[in-house]
Amino acid sequence: MGNRWIAFLTRRKWFVIAFWIILLGMTLPLALNVTKHLTANGFNRPGTNATWATNQLSRLHPAKAPEPLLITGIPFHQLTILAHQEHIANQTLHPISRGQVLYLPAPKTSLAQVHAFTHIIQQHHGQWQDVTQDTAGKTVSHDSSKTLALSGILALPFLAVLLFFVYGSLAAIALPLIIAAMGSELALAVVSVIETHIQLSVFLTDIVSFLALGVGIDYALFISNRFRLALARGENVPHAVHESMRHAGRSVLYSGIAVALAVAALLLGGDAYWRGLALGGAIAIFSVLLATHSLLPAIMSVMGKHINWGSLKRVPQFGFWRRVGDFVTNKPGLSIIVSVVLLLPLALFGPQIRMQTPANLASMLPVNSPIRQAIHKEQQLLGPGSIAPLAVVIDLPSSLSQPLSWTQISHLTQHLRSLPGVKSVASPTQVGLTSQQLAFLFQHPSLQSEPLKTALSNFTAPDSSHLVVLYVTATTGPDNPKTSDLVHRINQNLPKWLPKGTKAGVGGQVPILRSFNQLTHARLPAIIATALAVALIVLALATGSVVQAVLGVLFDALVALATAGLLVLVVQQGRFGFEAQPLDSSITPLIFVLLFGLSMDYEVILLHRIQEPLKEGKPVRQAVRHGISTTGSMITGAGMIMVVVFLALLISPLQVMKTLAIGLSFAVLIDTWVVRSLLVPATITLLNTKAYWPWHCSKTVPTDQEPRILPGQYQEEEQ
């Protein structure tokens, strides 16, 4: 940071703090209303047939029909008696488990009958809810949001204890929490402004809070720790602030830019979901950086030596990181072997990773979820594809008031029924009228009877005389590859079966998520390559070393493969209580992008700390030992703080959240305890002065004359 800016922050500290308080008051209303214009979906890919067809479905206004119901709280035998009173056939009631019954309305059941049935259920102290994909999706979203809220509350006491032992001061604990809260609030306010101009996903609010908490704590830890070390050496408060911002602040700035740009790589995902995560994540990082480089030094200037209030007076100093430094510099080859042995076996499983966001949203719920069990029962009774029909949307060049249009629809219906994998096709030609009769009724809509209007409302739009929708039920479930193949065959054949000038496509949940999965799978290499390129450039700029930039990217790739391998073994193959499922496309790229970004935090801090003695002419081995002994506890402590935040997600009943928890936790643990503690310093030791090429370090002691330090001999400044 510039000397003038740091001097301004220390001189005008109260002005800076007051500015942030005013900023908080001005932006808080925006942050509280951030979800007002966010979309709950965002998985649609703009410009595709699936998106066009799905958007056209909103133009239909079908008459409301009875939905399947999950009834709880009433014994089955009693429920059959109540159903008989309302003329509900017993054949429509299907017991799932004790106290849970699925009600599948018969084809001609009226809404009035269902309303009367649900009313009598409530009178007998029973409960009911719709059994639809929309219900399952809302349950997933609710459980996700609830988990993120509860995990934060659950993690706070553990974070407080961990922060105390990492910081060693009660007063210092408040710093990271203030920075995280300010950064999160400002980021949400910015998102609230831009969401009125572009479509963003509602899931980004969780990512913003998630990232701001994690990196806010990390960055405040790195900077305030350097501040306290300067005070411990007897420096005055302004000089200590200056030193902390010139060194740790510089490192945090580089690493923050790396994280923000790595997260921004998700923009390559190509839809509102990834755009929301990318922009929200990047905004969260930049907001935290703004807080750490303005508010944090101002608060440190005010606190001064009071930052050590409530410190542990006698903390045992076991010299653990000094001994690690001795081991790594004396046996760098063995350190590298240990690191590779820990990472390589898992990395071999990494390429087997498979991704798929399920179209059957109920499959995201726990196996014992009543909604999931009810939907599974419905599939057993009505067929696997019954829960998500494929909507074939046709925009004909000719009007529906012409018999030719209805003849073409009739032919299309027959073609669709002839396709392998099709169980049934719902078409407006099934109402029992000829093409001429249907055309005549569309010429004279006032002649349509109410039952006919109700029937046709499922297939035609009131504002268009060219739009028709057919519904194809597959013989296989929404996530079966055969269903995906059926969507492809329908799209491939529609131009052959329909007249020239017709626009047509398959819409609905299955095609949208099929397109999302395909796009994410295709874009993942580009997303990862971009994140790695960002890491390469930022490391090169931060250290002046091409060697360290290349090594950093290679080590990150190794950690990513090991993380992928762990997820393959645990999630895909179903171990340790996990249900065997493909990894969710909506969170897997996020795991890797956050891994690449967060690893830069620890990498830049370590490399800068090693570089400082090299600039003073110290030997390479001594510089490496200095870097490990002065950053080891800080880096691993910061990593453990992130792990606590991530592991708190394990309270979720959703496997997708558990996957996010173990993926990020494992990645951070391996990155901090293996790569940054062993692999990186050992590599620098072996490469000696070439480790920072093309940057040249001064050295007063030739490399080949450096004395070999025995464990315990070397005394280095410790935290």
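Since the structure is predicted, the reported quantities are computational estimates derived from the model, not experimental observations. (Residues numbered from 1 in each chain as written. Predicted model: local features only at pLDDT ≥ 70, side-chain atom pairs only at ≥ 80, totals over all residues. Heavy atoms only, no water.)

(A) Examining the packing of aromatic side chains more closely. Inspection of every chain in the model, using the stated rule, returns 13 aromatic pairs. For the ring pair tryptophan 406 and phenylalanine 442, a centre distance of 5.3 Å and an interplane angle of 50 degrees mean the geometry is tilted. Of this pair, tryptophan 406 sits in helix H14 (residues 403-418) while phenylalanine 442 is found in helix H15 (residues 435-443), placing the two residues 36 residues apart along the sequence. Each member of the pair, tryptophan 406 together with phenylalanine 442, is buried. A network of ring pairs unites the aromatic residues Phe43, Tyr273, Trp274 and Phe516 as a single cluster. (Phe/Tyr/Trp six-rings, centres within 6.5 Å; stacked < 30°, edge-to-face > 60°. Helix = DSSP H or I, 4+ residues; strand = E, 2+ residues; numbered from the N terminus. Buried < 20%, exposed > 50% of the residue type's maximum accessible area, 1.4 Å probe, protein only.)

(B) Expanded view of the sheet that holds strand E7 (residues 467-474). The antiparallel open sheet is built from 4 strands, whose spatial order is E6-E7-E5-E8. Both edges of this open sheet fall to strand E6 (422-426) and strand E8 (503-507), since each of them pairs with a single strand only. Sheet twist, expressed as the mean angle between neighbouring strand axes with direction ignored, is 20 degrees. Bridging between E6 and E7 involves 4 bridges; their strand directions are antiparallel. In the strand pairing of E7, valine 422 is matched with alanine 474. (Pairing = 2+ DSSP bridges. Axes fitted to C-alpha atoms, helices over the stretch in contact; angles between N-to-C directions.)

(C) Geometry of helix H3 (residues 49-57). All buried positions along H3 are accounted for by Ala50, Thr51, Trp52, Ala53 and Gln56. Tucked into the core, H3 has its buried residues touching strand E5 (390-395), E7, E8 and helix H18 (509-543). (Contact = heavy atoms within 4.5 Å.)

(D) Quick peek at the pattern of salt bridges. Inspection of every chain in the model, using the stated rule, returns 11 salt bridges. The partner of glutamate 450 in a salt bridge is lysine 453, and the shortest N-O contact between them spans 3.9 Å. Of this pair, glutamate 450 and lysine 453 both sit in helix H16 (residues 450-456), 3 residues apart, which is roughly one turn of the helix. Residue glutamate 450 is classed as exposed on the basis of its relative accessible area of 54%. Overall, lysine 453 belongs to the partly exposed group, its relative accessible area being 35%. The closest approach of N and O atoms between glutamate 603 and arginine 676, which form a salt bridge, is 2.1 Å. Taken together, the positions of glutamate 603 in helix H20 (residues 588-615) and arginine 676 in helix H22 (residues 655-687) put the pair 73 residues apart, joining distant regions of the chain. Across the pair, exposure class does not vary: glutamate 603 and arginine 676 are buried alike. (Salt bridge = Lys/Arg side-chain N within 4 Å of Asp/Glu carboxyl O.)

(E) Main features of the nonpolar core. Ranked by internal contacts, the top residues of the largest apolar core, which has 199 residues, are Leu416 and Ile490. Apart from the residues lying within four places of it in its own chain, the contact partners of isoleucine 490 are Leu390, Val392, Leu416, Leu419, Val472 and Val506. (Core = buried A, V, L, I, M, F, W, Y, C linked by side-chain atoms within 4.5 Å.)

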